[in-house]
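# Secondary and tertiary structure notes
These are the residues of each chain, in order.
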Amino acid sequence: SLLVFACSPREVKESSSFDNFFERLIGEWKQEKDNTIEKWEKDGALFKATVYRPFGKESLVSERIRLIERNGEIFYEATVRGQNNEQPVPFKLIESGKDKVVFENKAHDFPQTITYQFTSSDTIVATIEGRLNGKTEKFRFNYSRLKENK
């Protein structure tokens, strides 16, 4: 039998340390190892991000992220190009502080945990971790804030 839950997710409301964390994340962040950009913005009360690689005037979007509230809980929904039939995968917020947030989905193949941590006002480390092919794996992505051209 197929069980389908239909619910319209509410936008994440203003909420203390969580909201402050993502307010600080607004802007463009460049990954140290390659040319990948993670751009966070706020649309009304909704925080969302686009992950892409610029190629001249074009860009290749690899992931879209949005933060939603469902039944009083906050979720990081990631839609990754070429994965999960292009459907969003939800990760529930399990830890929230001034400089760090942690999201988890134990049922997802990989990753099961996503962490964002500020290491300074202009640098963050994003970590994905979990079990992959029977082994515990952890990948770190170092980002630096891109300064706006004035």
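In this report, the structure presented in the accompanying data block is examined. (Residues numbered from 1 in each chain as written. Predicted model: local features only at pLDDT ≥ 70, side-chain atom pairs only at ≥ 80, totals over all residues. Heavy atoms only, no water.)

### Overview of the overall build of the chain
When you go through the chain residue by residue, the secondary structure sums to 1 helix and 11 strands. Going from N to C terminus, the chain has its helices and strands arranged as β-α-β-β-β-β-β-β-β-β-β-β. Burial analysis of the chain (150 residues in total) assigns 34% to the buried set. When the accessible surface of the chain is split by element, carbon and sulfur atoms take 49% of a total near 9400 Å². (Helix = DSSP H or I, 4+ residues; strand = E, 2+ residues; numbered from the N terminus. Buried < 20%, exposed > 50% of the residue type's maximum accessible area, 1.4 Å probe, protein only. Areas by Shrake-Rupley, 256 points an atom, 1.4 Å probe, with all protein chains shown as cover.)

### Brief notes about the packing of aromatic side chains
If you walk through the whole model with that rule in mind, you get 11 aromatic pairs. When the centroid spacing of 6.2 Å and the interplanar angle of 85 degrees are considered together, the rings of Tyr76 and Phe91 count as edge-to-face. A residue pair is termed long-range when its members are at least 10 positions apart, and Tyr76 in strand 6 (residues 73-80) and Phe91 in strand 7 (residues 89-96) qualify at 15 residues. These aromatic residues form a ring-pair network of at least three members: Phe21, Phe22, Trp29, Trp40, Phe47, Tyr76, Phe91, Phe103, Tyr116 and Phe118. (Phe/Tyr/Trp six-rings, centres within 6.5 Å; stacked < 30°, edge-to-face > 60°.)

### Concerning unusual backbone geometry
Omega for the bond connecting Phe110 with Pro111 falls within 30 degrees of zero, at -5 degrees, which places this linkage in the cis form. Relative to the elements of secondary structure, Pro111 occurs in the loop between strand 8 (100-104) and strand 9 (113-120). Here the phi dihedral of Asn133 falls at roughly 50 degrees; this positive angle occurs in a residue that is not glycine. Topologically, Asn133 is positioned in the loop between strand 10 (123-132) and strand 11 (135-145).

Any functional reading would require information beyond the geometric quantities listed.
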